[in-house]
Amino acid sequence: MQQAVVVKAATQISALLSASLRRVHVSQVRTTWVLKRKYDDVVPLAKYGRHSRLRANTYVYEAVEYRNIKPLPDIEVILAQDIEGYGQKGEIVSVKRNLARSKLLPTGLAMYASPENIEEFAIKKEEIVEEVEETGQTPTGALTAEQLKKMNLTIPMSKHREWLLNKSHVRIAFRNSGVEVPESCITLPERPVAKPQEFSVGVTVNGVDTVQVHCLIQPWSRDMTENEEFVKPPVWVRNKTKTKIKKLPL
């Protein structure tokens, strides 16, 4: 009788264990630890055909590396466009993996630096160099010239004093708009400007191309209430052609 009770209890326990194991979700965990024995001299030698008698110290290990939390290295990509702060078109640069996979690669601004892509861009780079030698203008210089064509330059001048526009006024107005232009690259209009009006100034890029930048004189007074009637136009007619990473869609 007692033996039957024990068998019945064991059967119930086995059924409960089986039910609990079925409810457990078993999934593969890919974790990698690199270990080494703490005591290298505790593994005894054994004769041929026999196993060594391992001691307790044999099973003591030290963690050398946990590869799951190790930061992955940067990856190399080829830029398909000029990107401010990273490089020019055709250059091979190293960027963070998150940046490359979330913004550069999906939007077509860059591609993986595979041997095939490197060979393709090497041919294109030779074509760009030949074009630069023919025209004398660099790709960045051509991009800058196109950018300046879309610019509205507002030049503040005194409302109550007589003045005559010079290159220094234009250079300071460019700087206030976020563009550095030396006075040697500025060409004033043939007719002197001495009153509020619209006109254009020439800007020479790399000593090759000269573009016309639209300008507007803003009558300015120290009394800020007198300046409210002037509506300042936007600096850029369109969005900037330079690609900035922080403005790209995710």
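How each quantity is defined
- Residues numbered from 1 in each chain as written.
- Predicted model: local features only at pLDDT ≥ 70, side-chain atom pairs only at ≥ 80, totals over all residues.
- Heavy atoms only, no water.
- Helix = DSSP H or I, 4+ residues; strand = E, 2+ residues; numbered from the N terminus.
- Buried < 20%, exposed > 50% of the residue type's maximum accessible area, 1.4 Å probe, protein only.
- Areas by Shrake-Rupley, 256 points an atom, 1.4 Å probe, with all protein chains shown as cover.
- Pairing = 2+ DSSP bridges.
- Axes fitted to C-alpha atoms, helices over the stretch in contact; angles between N-to-C directions.
- pLDDT = per-residue confidence, 0-100.
- Contact = heavy atoms within 4.5 Å.
- Core = buried A, V, L, I, M, F, W, Y, C linked by side-chain atoms within 4.5 Å.
- Patch = residues over 30% accessible without salt bridge, like charges linked within 9 Å, V, L, I, M, F, W, Y side chains within 5 Å.
- Salt bridge = Lys/Arg side-chain N within 4 Å of Asp/Glu carboxyl O.

Attention shifts here to the overall build of the protein chain. Assigned secondary structure in the protein chain consists of five helices and nine strands. N-terminal to C-terminal, the α/β element order of the protein chain is α-β-β-β-β-α-β-α-α-β-α-β-β-β. Residues classed as buried in the protein chain amount to 23% of the 250 residues present. Only carbon and sulfur atoms are counted for the fraction: they give 52% of the accessible area of the protein chain, which is about 18900 Å².

Attention now goes to unusual backbone geometry. Non-glycine residue Asn206 carries a positive phi angle of around 55°. Topologically, Asn206 is positioned in the loop between β8 (198–205) and β9 (209–220). We classify Asn206 as exposed; its relative accessible area is 52%.

Read from one edge of the open sheet, three strands run β4-β3-β5, paired in antiparallel fashion. Edge positions in the sheet fall to β4 (92–95) and β5 (110–112), since each has one partner strand and no second. Taken over all neighbouring pairs, the strand axes of this sheet differ in orientation by 45° on average, direction set aside. Pairing analysis gives four bridges linking strand β3 (residues 75–79) to β4, with the strands arranged antiparallel. Its bridge partner being in β4, Glu76 is matched across the sheet by Ser94.

This next bit is on the confidence of the model for the protein chain. Scored by pLDDT, the protein chain comes out at a mean of 77, with 74% of its residues at no less than 70. Within the model, pLDDT remains below 50 along residues 239–250, and this stretch shows 24 contacts once partners closer than five positions in the same chain are excluded.

The next subject is the environment of Tyr61. By the secondary structure assignment, Tyr61 is in strand β2 (residues 61–66). By relative accessible area, which is 42% here, Tyr61 ends up partly exposed. Sequence-wise, Tyr61 and Lys38 are 23 residues apart; in three dimensions their C-alpha atoms are separated by 5.1 Å. In this structure Tyr61 touches Leu35, Lys36, Arg37 and Lys38, once residues within four positions along its chain are discounted.

This brings us to the nonpolar core. In this structure, Leu148, Leu153, Ile155, Leu165 and Phe174 are the most contacted members of the largest nonpolar core, which totals 24 residues. Those elements that place two or more of their residues in this core are α4 (139–149), β6 (152–158), α5 (167–176), β8 and β9. The contact partners of Leu148, leaving out residues within four places of it in the chain, are Phe174, Val179, Val203, Val205, Val211, Gln212 and Val213. Listed in part, the 12 residues of the second largest apolar core include Val77, Ile83, Leu105 and Ala110.

A few words now on the sheet that holds β6. Spatial ordering of the open sheet is given by β6-β9-β8-β7, a layout of four strands whose pairing is mixed. In this open sheet, the two strands that pair with only one neighbour each are β6 and β7 (186–187). Two elements, β7 and β8, share two bridges in a ladder whose sense is antiparallel. Note on β8: the bridge partner recorded for Ile186 is Val203. In this fold α5 packs onto β6, β7, β8 and β9, with an angle of close to 125° to the strand it touches most, β6.

Okay, the pairing of β9 next. Regular strands place their side chains on alternate faces of the sheet. With seven bridges connecting them, β6 and β9 associate as parallel partners. If you follow Met157 over to β9, its bridge partner there is Pro219. Summarising the sheet, β8 and β9 pair through eight bridges and their orientation is antiparallel. Within the sheet, the bridge partner assigned to Val203 lies in β9 and is Val211. The antiparallel pairing of β8 with β9 creates a hairpin that spans three residues between the two strands, and Asn206 there sits at a positive phi of about 55°.

Residues Trp33, Leu35, Leu54, Tyr59 and Tyr61 make up a contiguous nonpolar surface patch of roughly 570 Å² in combined accessible area. Tracing the sequence through the fold places Leu54 in the loop between β1 (33–37) and β2. Leu54 sits in the partly exposed class, given a relative accessible area of 40%.

Taken as a whole and judged by the stated rule, the model has three salt bridges. Among the ionic pairs, Lys96 bridges to Asp74, the shortest N-O distance being 3.7 Å. Of this pair, Lys96 sits in the loop between β4 and α2 (97–104) while Asp74 sits in the loop between β2 and β3, placing them 22 residues apart in sequence. Owing to a relative accessible area of 56%, Lys96 belongs among the exposed residues under this scheme. For Asp74, a relative accessible area of 38% translates into the label partly exposed. Glu183 is the partner of Arg171 in a salt bridge, and the nearest nitrogen-oxygen pair spans 3.0 Å. Placement of the pair is Arg171 in helix α5 and Glu183 in the loop between α5 and β7, with a sequence separation of 12 residues.

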